[in-house]
Amino acid sequence: TILLLDMEMPVMNGSEFLEHFGNLDKKITDQIKIVIVSVSINEDILDAINTNPHIRMFIAKPLTAESFLDIMKNVN
């Protein structure tokens, strides 16, 4: 499963989501590959990419058909 995570969500931001995600059962989290989606890359995003094994890549907004093809080719 590939999860596209927008870091700028209105109710819970991406960093908060990742905290909650980390509390899920390993049987669940091991099946999910996260792609971070954001307008820009910042220190929080870099930290998440470097420390969270479930994050596979970063894609800049806006998403395009080419972005999705890149995700499908590179997330495994």
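Further up the page is the structure itself.
A brief report on the enclosed structure follows.

Conventions and cut-offs
- Residues numbered from 1 in each chain as written.
- Predicted model: local features only at pLDDT ≥ 70, side-chain atom pairs only at ≥ 80, totals over all residues.
- Heavy atoms only, no water.
- Buried < 20%, exposed > 50% of the residue type's maximum accessible area, 1.4 Å probe, protein only.
- Helix = DSSP H or I, 4+ residues; strand = E, 2+ residues; numbered from the N terminus.
- Pairing = 2+ DSSP bridges.
- Right-handed = clockwise from strand over helix to strand, strands pointing away.
- Contact = heavy atoms within 4.5 Å.
- Axes fitted to C-alpha atoms, helices over the stretch in contact; angles between N-to-C directions.
- Core = buried A, V, L, I, M, F, W, Y, C linked by side-chain atoms within 4.5 Å.

Turning our eyes to something else, we now look at the pairing of strand β2 (residues 33–38). If a strand is regular, its side chains alternate between the two faces of the sheet. Counting buried positions along β2 yields five of six residues, so the element is predominantly enclosed. The sheet contact formed by β2 and strand β3 (residues 55–60) spans five bridges and is parallel. Within β3, the residue paired with I34 across the bridge is I55. Handedness of the crossover joining β2 and β3 through helix α3 (residues 43–51) is recorded here as right-handed.

Turning our eyes to something else, we now look at the side chain of S67. Looking at the element boundaries, S67 is found in helix α4 (residues 65–74). By relative accessible area, S67 is classed as buried at 12%. Excluding its chain neighbours within four sequence positions, the residues that come into contact with S67 are I59 and P62.

Let's shift gears to the sheet that holds β3. Spatial strand order, β1-β2-β3: three strands in an open sheet with parallel pairing. Looking at which strands have only one partner, the edges of the open sheet turn out to be β1 (2–6) and β3. Going from strand to strand, the sheet's axes swing by 25° on average, the running direction of each strand aside. Here β1 pairs with β2 via five bridges, running parallel. The partner of L3 across the bridge, within β2, is I34. Along the sheet face, helix α1 (residues 14–22) touches β1, β2 and β3 and points at about 140° away from the line of β1.

Counting residues in hydrophobic clusters, the biggest one holds 10 residues: L5, M7, L18, F21, I32, I34, I36, I45, A48 and I55. Taken together, the elements giving at least two residues each to this core come down to α1, β2 and α3.

All quantities given are derived from atomic positions and should not be read as evidence of function.
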